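What follows is each chain in one-letter form.
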Amino acid sequence: EFFFNRKKDFLGKRVLITLGPTQENIDPVRFISNHSSGKMGFEIAKAFQHAGAIVSVVAGPVHLDLSQFTTHRVTSANEMFEVANRLHSEQDICVFAAAVADYAPSEIAKEKIKKLDSEAVIHLKKNPDIALELGRKKKPNQLHIGFALETEQEERYALEKLHKKNLDWIVLNSARDEGAGFKVDTNKVSIFHSSGRVTHSAVIPKSEVAQLILNEIKLG
Ligand code: CTP
Ligand code: CA
């Protein structure tokens, strides 16, 4: 079914992929993060590379061998934004697969925070929204693809993000299904195009989700 992989459909195209979680430091020994494994972004990066693209990866802390790509390893959302922003103008396609932390501690304590007898409070500030900021300077020949994982009103929230972030496609991960989400190798997705086109998948391996996404881009 997915023969196009051999046809180098994306020969010479420049593709930027953000993937993995970000880590937001609290003090020298602690951070806030999430369960993203980076696997979905990794499969997309591999699929584009096989299809002839020049792939740049901006990766948060993940346990993946990313040596086959031009890889920039980062820790925080601010670092991820800085690198993605610098590389953005030369890209044909940007895939925002990272699970970027929405907030970071307002200040990073210089010393390890000591345990109190009372409750503790960590003040948080908003992180940059990488997809939103880069969406503001997207050129007509650039294609932006985002992801969404929702636990309620899935389609409504996904479409809101599609429009707000000026994305061309948004891939909605089904959080409700067994065999879909952060840690497993399979996923079930709906792919929404800004034109209104929608494609739904069954529960399939993340490598096949990647092929499906490339196929959708090819079809426009
Ligand atoms: N995203 C990003 N930078 C952020 C937050 C999100 O680039 N600081 C990107 C993600 O990589 C994804 C898309 O935006 O492609 C949607 O991420 P999501 O966390 O679902 O959306 P948010 O706008 O953060 O909304 P919320 O978490 O409140 O649902
Ligand atoms: Ca978020």
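Residues numbered from 1 in each chain as written. Chains lettered and ligands numbered in written order. Predicted model: local features only at pLDDT ≥ 70, side-chain atom pairs only at ≥ 80, totals over all residues.

A.B. asks: Could you give me a rundown of the UniProt feature "binding site: CTP" (unreviewed entry) in the protein, with the residues and numbers involved?
C.D. replies: Cross-referencing UniProt, the feature "binding site: CTP" (unreviewed entry) maps to D102, K112, F147, K161 and K165 in the present numbering. Separation in sequence by 64 residues is matched in space for these annotated residues, since their most distant C-alpha atoms are 37.3 Å apart. Along the chain, K161 turns up in helix α4 (residues 154-164). For K161, a count of 20 C-beta atoms within 10 Å puts it in the buried group. Residues in contact with K161, not counting those within four places in the same chain, are G146, A148 and I170. When you line up the elements, K165 lands in the loop between α4 and β10 (169-174). The residues touching K165, leaving out its near neighbours within four places in the chain, are A131, L132, G135 and G146. (UniProt positions renumbered as here; feature names shortened; annotations may be inferred. Helix = DSSP H or I, 4+ residues; strand = E, 2+ residues; numbered from the N terminus. Buried ≥ 20, exposed ≤ 12 C-beta atoms within 10 Å, placed from the backbone. Contact = placed C-beta atoms within 7 Å.)

A.B. asks: Quick one: what's the story with the site of ligand 1, residue by residue and with numbers?
C.D. replies: Around ligand 1 sit 15 residues, and of these F96, V100, I130, A131 and G146 come closest. Elements with a minimum of two residues in the shell around ligand 1: α3 (130-136) and β9 (143-150). No other element matches the four residues that β9 contributes to the shell around ligand 1. Looking at the shell around ligand 1 residue by residue, the class counts come to nine nonpolar, two polar and four charged. (Near = placed C-beta within 6 Å. Nonpolar A, V, L, I, M, F, W, Y, C, P; charged D, E, K, R; others polar.)

A.B. asks: Kindly report on helix α5 (residues 206-219), identifying the contributing residues and their values.
C.D. replies: Here α5 spans 20 Å end to end across 14 residues, near enough to the 20 Å set by a 1.5 Å rise per residue. Within α5 the residues assigned to the buried category are K206, V209, A210, Q211, L212, I213, L214 and I217. Taken together, the buried residues of α5 touch α1 (39-50), β9, β10, β11 (186-187), β12 (189-193) and β14 (204-205). G220 occupies a position one or two residues after α5 and carries a positive phi of about 85°. (Expected span 1.5 Å × (residues − 1).)

A.B. asks: Hey, could you go over the confidence of the model for the protein for me, with residue numbers and the actual values?
C.D. replies: Per-residue pLDDT for the protein averages 93, and the proportion of residues at 70 or more is 94%. Two numbers describe this predicted complex: its pTM, 0.95, and its ipTM, 0.99. (pLDDT = per-residue confidence, 0-100.)

A.B. asks: Explain the pairing of β9 to me, using residue names and the numbers behind them.
C.D. replies: Two strands pair when backbone bridges link them, and strand β6 (residues 93-96) and β9 are joined in this way by four bridges, in the parallel orientation. By the bridge assignment, I93 is partnered in β9 with L143. For the segment spanning β9, α4 and β10, crossover handedness is right-handed. (Pairing = 2+ DSSP bridges. Right-handed = clockwise from strand over helix to strand, strands pointing away.)

A.B. asks: Which residues make up the packing of α1 against α5, and what values do they have?
C.D. replies: Here α1 crosses α5 at 55°, and the two axes come no closer than 8 Å. By the criterion of interaxial angle, the relationship of α1 to α5 is oblique. In this structure, the crossing between α1 and α5 has a hand that is right-handed. Two secondary-structure elements touch here, α1 through K39, M40, E43, I44, A47 and F48 and α5 through K206, S207, V209, A210, Q211, I213 and L214. Split by residue class, the contact of α1 with α5 holds eight nonpolar, two polar and three charged. (Axes fitted to C-alpha atoms, helices over the stretch in contact; angles between N-to-C directions. Parallel < 35°, antiparallel > 145°, perpendicular 65-115°, else oblique. Left-handed = near helix turned anticlockwise from the far one by under 90°.)

A.B. asks: So what's going on with the sheet that holds strand β1 (residues 14-19)? Which residues, and what values?
C.D. replies: To summarise the sheet geometry, strands pair through backbone hydrogen bonds and adopt either a parallel or an antiparallel arrangement. Spatially, the eight strands line up as an open sheet ordered β5-β4-β1-β6-β9-β10-β12-β13, and their pairing is mixed. Strand pairing shows two members of the sheet lacking a second neighbour, β5 (70-73) and β13 (198-200), which therefore form its edges. Geometrically, the sheet is characterised by an average inter-axis angle of 15° between neighbouring strands, direction not taken into account. Relative to β6, β1 runs parallel, the two being bridged by four bridges. Counterpart to I17 in the pairing with β6 is V95. The strands touched by α1 within the sheet are β1, β4 (54-59) and β6, with β1 carrying the most contacts at an inclination of about 165°. The sheet strands contacting α5 are β9, β10, β12 and β13, and the helix crosses β12 at an angle near 15°.

A.B. asks: Give a description of the environment of R136 that names residues and reports values.
C.D. replies: Along the chain, R136 falls in helix α3. Linking R136 and K165, residues 29 residues apart in sequence, is a C-alpha distance of 7.6 Å.

A.B. asks: Tell me about unusual backbone geometry, and please be specific about residues and values.
C.D. replies: Even without a glycine there, the phi angle at Q153 is positive, about 40°. Position of Q153 among the secondary structure elements: in the loop between β9 and α4. Here Q153 falls in the exposed class, since 9 other C-beta atoms lie within 10 Å of it. At N166, a position not held by glycine, the phi torsion is positive, near 60°. As for its placement among the helices and strands, N166 is situated in the loop between α4 and β10.

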